[in-house]
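What follows is each chain in one-letter form.
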Amino acid sequence: MAAKNIMIVGVGGQGTLLTSRILGGLAIAGGYDVKLSEVHGMAQRGGSVVTFVRYGEDVAEPIVEEGQADVIIAFERLEALRYAHFLKKDGALVVNDWRIDPMPVVIGAAEYPEGIIEALSQNHKVYTVNATEESRKLGNPKVFNLIVLGVAAQHMDFTKEQWYEVIEKTVPPKTIELNKKAFDVGYHL
């Protein structure tokens, strides 16, 4: 199998690293060679964070080139827009339909772009979810990233049981049921 390229993009504090650990664990459990790499814009909360997860028979390097990502998981609209050029022609762009203003917008030096999802949908297969809202319904806004991951899981080669196993091993023990519930919400959308 050719290497699969997954990108996770978000802002600091959104759980991109936990998500990449789940994906990496899943690929290892599936018997694949896996390479992870993290690229931080600004590591503090609010800065752009990108993680690459590549898995396959034999993966030489962790970096995904522009136009090569099979799936991009974006935890925020503007981050989806910022990294969409990494997506393959027929790749899936999974977006948490949520807005977090970056520093230039907060201080008034820039405008937050309107119509991001519509613009992205013109050139890409876009799957949106308001995971932040959905996670509030579950009683914990922190698990929104697992809802987004549940949507993305529909575009990858693993069974629901395999996802569950890795979630159980990766998240804090007290949060296992909640995280599995959140994953299910996205998986069934």
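Preceding this section is the structure that the text describes.
Residues numbered from 1 in each chain as written. Predicted model: local features only at pLDDT ≥ 70, side-chain atom pairs only at ≥ 80, totals over all residues. Heavy atoms only, no water.

## Structural notes on the environment of Phe75
1) Next: If you trace the backbone, Phe75 turns up in the loop between β4 (69-74) and α2 (77-83).
2) Next: Overall, the relative accessible area of 0% leaves Phe75 in the buried class.
3) Next: Between the alpha carbons of Phe75 and Phe144 there is a distance of 8.6 Å; along the sequence they are 69 residues apart. (Helix = DSSP H or I, 4+ residues; strand = E, 2+ residues; numbered from the N terminus. Buried < 20%, exposed > 50% of the residue type's maximum accessible area, 1.4 Å probe, protein only.)

## Section: the pattern of salt bridges
1) Next: Enumeration over the complete set of coordinates arrives at 10 salt bridges.
2) Next: Here Arg77 makes a salt bridge to Asp97, at a shortest N to O gap of 2.6 Å. Remark: Asp97 occurs in the loop between β5 (87-96) and α3 (103-106) and Arg77 occurs in helix α2; sequence separation between them is 20 residues.
3) Next: Looking at Asp97, the relative accessible area reads 28%, which means it is partly exposed.
4) Next: Across the pair Lys180 and Glu168 runs a salt bridge whose closest N-O atoms are separated by 2.6 Å. With Lys180 in helix α8 (residues 176-187) and Glu168 in helix α7 (residues 160-170), this residue pair connects regions lying 12 residues apart in the sequence. (Salt bridge = Lys/Arg side-chain N within 4 Å of Asp/Glu carboxyl O.)

## Things to note about the packing of aromatic side chains
1) Next: Under the defined criterion, the tally for this structure stands at 10 aromatic pairs.
2) Next: Summarising the aromatic geometry, the rings of Tyr32 and Tyr55 are spaced 5.3 Å apart at their centres and angled 50° between planes, so their arrangement reads as tilted. Of the two residues, Tyr32 sits in the loop between α1 (16-29) and β2 (33-40) while Tyr55 sits in strand β3 (residues 48-56), which places them 23 residues apart along the sequence.
3) Next: Ring plane angle 50° and centroid distance 5.5 Å describe the contact between Tyr55 and Phe158, whose orientation is recorded as tilted. Separated by 103 residues along the polypeptide, Tyr55 in strand β3 and Phe158 in the loop between α6 (144-153) and α7 bring together distant segments of the chain.
4) Next: An aromatic cluster of three or more residues is present, and its members are Tyr32, Tyr55, Phe158, Trp163, Tyr164, Phe183 and Tyr187.
5) Next: Lys180 extends its terminal NZ or CZ atom over the ring of Tyr164, reaching a point 4.9 Å from the ring centre. (Phe/Tyr/Trp six-rings, centres within 6.5 Å; stacked < 30°, edge-to-face > 60°. Lys NZ or Arg CZ within 6 Å of the ring centre and 35° of its normal.)

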